[in-house]
Number of protein chains: 2
Amino acid sequence: MRLSELSELSGVTTATIKYYLREGLLPPGQRVSATQAEYDESHLRRLRLVRALLQVGRLPVATTREVLKYVDDESLGRTIRLGAALWALPHGPEPDEEAPETALARDEVERLLGRLGWTTAQEIGSLSPVHRSVVASLATLIRLGYPCEGDYLVEQAQLMHQVAVRDLDMMETYPSEAEQVEKAVASAVLYEPLLASLRRLAQEEETARRFGL
Amino acid sequence: MRLSELSELSGVTTATIKYYLREGLLPPGQRVSATQAEYDESHLRRLRLVRALLQVGRLPVATTREVLKYVDDESLGRTIRLGAALWALPHGPEPDEEAPETALARDEVERLLGRLGWTTAQEIGSLSPVHRSVVASLATLIRLGYPCEGDYLVEQAQLMHQVAVRDLDMMETYPSEAEQVEKAVASAVLYEPLLASLRRLAQEEETARRFGL
């Protein structure tokens, strides 16, 4: 399809598409003449993802380009490719290594991972920014005097695992690995607010059930 | 206890405590002389909550004061008191009533609530800002071309309901209604980032299990 058709189908103006092309967020189309290029379904998908990252995720252009670099890196294994793309997204707070609660939180997370049967930091080193933000969130709870008991954490983590299982089941219905990785990145940015709102809605529902209106 | 002791036990400087008192975020202590006041356990708890709202939730002082007003309003029933305090917190995106996707999303959410057996908007009117942010998140998915199938939404919402059940179970272990409401508000601000990180950690774990490292 031509640029004008890509614009119409995606709802993105041609000026914006040209900007994305210049910034390397959208790969160039197949040149068919000196002034025209052909675009395909993959450009449409990529436009969708770029808008999700920029408009909903509010990522800077440079971060978006880095995320897409991993999304497109076919030399990586699927777990690493997914991991690298997701790690390039903005993530939660970093632990304050000076604070005494950080060490306590790190031990608590390690015990939690052991009880869950998940990979512990001891096994692979705590390189993951996701692991670090779990430690940081827990350290904040400890510092502010809100305890977080082991059993509660185990139960909530198991529920989050079930959420992840459904997310990956849905991801695996996508035909190609490229589409699966795109889907996972979009999901991290777009479904996070949806799940957070659903959780608060569930809280309202359960509160009304327990205590009446 | 005296102001100095309250400062020591809470880890909040006396200057900051005096600022919270002036701003009405902390109720005054019991005056024992012209220059001294006595504080108790409830002040310590309130300081914890104020720090959670200001430092972690990054709420403006005026919003924090509004949240606390509902937390302290004993004339309200428990569901309304909880609801009002939580509704005063910043919440997700507002639906764009001009966009055609908003009407589609609203229908989809109504179907979802019906299938879940939760209170539908038709039953109580869609006054809840939480309900509105579910509609807005779903409208964004539709607009960007990421479909969100009914079954997927039902399953994820049911898991979020289980999360809420555990949160409320924990809340109900707190002795007084005042402490329960404080706990719920703190939970909305502090546990949200923890759950989001746990979900991403679960995704990494499940990805590694399915596709290897």
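These figures come from a predicted structure and were not determined experimentally. (Residues numbered from 1 in each chain as written. Chains lettered and ligands numbered in written order. Predicted model: local features only at pLDDT ≥ 70, side-chain atom pairs only at ≥ 80, totals over all residues.)

Chemist: How do you make sense of the interface of chain A and chain B when you look at a structure like this?
Modeler: In many reports, interface size means the accessible area that the parts give up when they come together. Contact with chain A, which involves 62 residues of that partner, is made by 62 residues of chain B. Of all elements in the fold, only helix H3 (41-56), helix H5 (78-87), helix H8 (129-143), helix H9 (150-172) and helix H10 (177-211) of chain A reach the threshold of two or more residues within the side of chain A that touches chain B. It is H10(A) that contributes the most residues to the side of chain A that touches chain B, 21 residues altogether. The residue makeup of the side of chain A that touches chain B, split by class, is 32 nonpolar, 17 polar and 13 charged. (Contact = placed C-beta atoms within 7 Å. Helix = DSSP H or I, 4+ residues; strand = E, 2+ residues; numbered from the N terminus. Nonpolar A, V, L, I, M, F, W, Y, C, P; charged D, E, K, R; others polar.)

Chemist: I'm lost on the relation of the copies chain A and chain B in this one. Help?
Modeler: Copy one and copy two of the chain differ by a rotation about a common axis and a shift along it. Aligned on chain B, chain A shows an RMSD of 0.0 Å; the corresponding rotation is 180° and the shift along the axis is 0.0 Å. Overall, the copies show the geometry of a two-fold rotation axis. Considering only C-alpha atoms, the residue of chain A closest to the rotation axis is A:Leu159, which sits at 3.2 Å. Residue by residue, 100% of the interface of chain A is reproduced at the interface of chain B, so both copies engage with the same surface. (Least-squares fit on C-alpha atoms with pLDDT ≥ 70 in both.)

Chemist: Can you help me understand the nonpolar core in this one?
Modeler: Across soluble globular proteins, you tend to see nonpolar side chains buried next to one another. Grouped together as the largest cluster of nonpolar side chains are 108 residues, with contacts concentrated most on A:Val185 and B:Val185. Every residue in contact with B:Val185, bar those within four places of it in the chain, is listed here: B:Leu49, B:Val67, B:Val71, B:Ala85 and B:Leu86. (Core = buried A, V, L, I, M, F, W, Y, C linked by C-beta atoms within 7 Å. Buried ≥ 20, exposed ≤ 12 C-beta atoms within 10 Å, placed from the backbone.)

Chemist: Could you clarify how one ought to interpret H8(A) in this entry?
Modeler: An α-helix turns once per 3.6 residues; consequently, residues spaced three or four apart project the same way. Residues and elements named next belong to chain A. The first and last C-alpha atoms of H8 sit 21 Å apart over 15 residues, in line with the 21 Å expected at 1.5 Å per residue. Within H8, 13 of the 15 residues are buried, which leaves it mostly tucked inside the rest of the structure. Trailing H8 by a residue or two, Gly-145 shows a phi angle of about 85°, which is positive. (Expected span 1.5 Å × (residues − 1).)

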